[in-house]
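Secondary and tertiary structure notes
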Amino acid sequence: MYPCIEIKPDGILHNIRTLKEMCTRHGMSLSVVTKMLVGYEPLVRYLVEESGITSICDSRIENLEAFVDIKAEKWLIRSPMLSQVSDVVKFADVSLNSELEIIKALNEEAKQQGKRHKVILMFECGDLREGCYTDELIRISRECLGMNNIELYGIGTNLSCLNEVLPSENNMKLLEQAVNAVQDELGIRLPVVSGGASSSIRLLSEGKLPSVINNMRMGEAVFLGNIPVLDEPFDDAREDNFILKAEIIELKEKPSVPETLPQNTDKLMKRAIAAIGKQDIYLPGLKCADSRIKIIGGSSDHVVLDVSECQDDYKLGSTVDFRMTYNCLLNAMTSKYVRKNILK
């Protein structure tokens, strides 16, 4: 049945092991960000069991609920909603936070559930998504230390996701200074300093990250072998772990321009329609595996292709293979209309 995504777990495992070895070499642990898999428990379980990864991260508590029986520490990496505090304490071992009010609510809920919930405070390093500056970080850290059911587990930062600010020696120095300020002011040593994501690979491989950082959270590099923003693979990466297949439902010669534009009636284009659309994928992130095919456009349920250069290689009912960017794959994995097929 189509459309479907063919998933190659061996390639993903290769990337995990490569990145894990890189992290270990520089004194860091690797946490795998699983949000791209949209709670797909069989694959997450397989990856954890085969790779030895000890922590997994997701932005949706519903996905962590699906992983309840997987033996790994579970991190909620989007700031918790007040309306979901009960589920956060129930299904996440760790949550990333920047608001004291939410941490207080987590503390009260953890008391009700007889648990101790771990909190990583987020520091603002310049990408301007979530995070506190140094003075607020110290203040909230001090408050956390006074809570009976909250463990101040560490400090983290996020880059590259909103404004494509890459990790640099300068902004990583800011993180180091903030961590040291908290530890020195409060007389503590934090178990975790989570200093980056897939976009940090270049600094990591060059040994240019501060020694205070001891954890990386990576998703795109794990699953697609890609370094975000730079849009290039890391060394020895496997990039073809997810292939989208869609079926051709129309194949005809038509004018190369629509009726509303001036037409050259002598120029016809062999056009194919693939049965997938914007409801399932992020169209700008779709790439034809066959370089002879060009994407003309799409609507909610159709992608129109120029297959003029393909001779008779494609017929009605044939499938077309696509590679996807991170955002495109995230949409496709989320769509209930796209089947998932793990290749053994």
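Below or above, wherever it landed, is the structure these notes cover. (Residues numbered from 1 in each chain as written. Predicted model: local features only at pLDDT ≥ 70, side-chain atom pairs only at ≥ 80, totals over all residues. Heavy atoms only, no water.)

Time to look at the overall build of the protein chain. Of the regular secondary structure elements, the protein chain holds 10 helices and 18 strands. Along the three orthogonal principal directions, the C-alpha set of the protein chain runs to about 80 × 40 × 40 Å. For the protein chain, the share of sequence-separated contacts (at least 6 apart) that also reach a separation of at least 24 residues comes to 64%. Taken as a whole, the protein chain presents about 16,300 Å² of accessible surface, with 46% of it coming from carbon and sulfur. The distance from the centre of the 41 positive side-chain charges to the centre of the 50 negative ones in the protein chain is 3 Å. (Helix = DSSP H or I, 4+ residues; strand = E, 2+ residues; numbered from the N terminus. Contact = heavy atoms within 4.5 Å. Areas by Shrake-Rupley, 256 points an atom, 1.4 Å probe, with all protein chains shown as cover. Lys, Arg positive; Asp, Glu negative; His and termini not counted. Charge placed at Lys NZ, Arg CZ, Asp CG, Glu CD.)

As a further point, take the environment of Val 94. Locating Val 94 in the fold gives a position in strand 5 (residues 94–97). Classification of Val 94 as buried rests on a relative accessible area of 0%. Filtering out sequence-adjacent residues up to four positions away, Val 94 remains in contact with Glu 73, Lys 74, Trp 75, Leu 76, His 117, Lys 118, Ile 120 and Tyr 153. (Buried < 20%, exposed > 50% of the residue type's maximum accessible area, 1.4 Å probe, protein only.)

On to the state of the cysteines, then. Taken as a whole, this structure holds 0 disulfides when the rule is applied. Free of any disulfide, Cys 125 has its nearest neighbouring cysteine sulfur in Cys 132, separated by 12 Å. Sulfur of Cys 132: no disulfide; nearest cysteine sulfur belongs to Cys 144 and is 9.6 Å away. Overall, the relative accessible area of 1% leaves Cys 132 in the buried class. (Disulfide = S-S within 2.5 Å.)

To characterise two packed helices, one gives the angle between the axes of the helices and the distance between these axes. It is at 10 Å that the axes of helix 6 (residues 134–145) and helix 7 (residues 169–186) come closest, and there the two elements cross at 45°. When the axes of helix 6 and helix 7 are compared, the pair comes out oblique. Considering the relative orientation of helix 6 and helix 7, their crossing is right-handed. Where helix 6 approaches helix 7, its residues Thr 134, Leu 137, Ile 138, Ser 141, Arg 142 and Leu 145 are matched on the opposing element by Ala 178, Ala 181, Val 182, Glu 185 and Leu 186. Taken together, the residues that form the contact of helix 6 with helix 7 break down as 7 nonpolar, 2 polar and 2 charged. (Axes fitted to C-alpha atoms, helices over the stretch in contact; angles between N-to-C directions. Parallel < 35°, antiparallel > 145°, perpendicular 65-115°, else oblique. Left-handed = near helix turned anticlockwise from the far one by under 90°. Nonpolar A, V, L, I, M, F, W, Y, C, P; charged D, E, K, R; others polar.)

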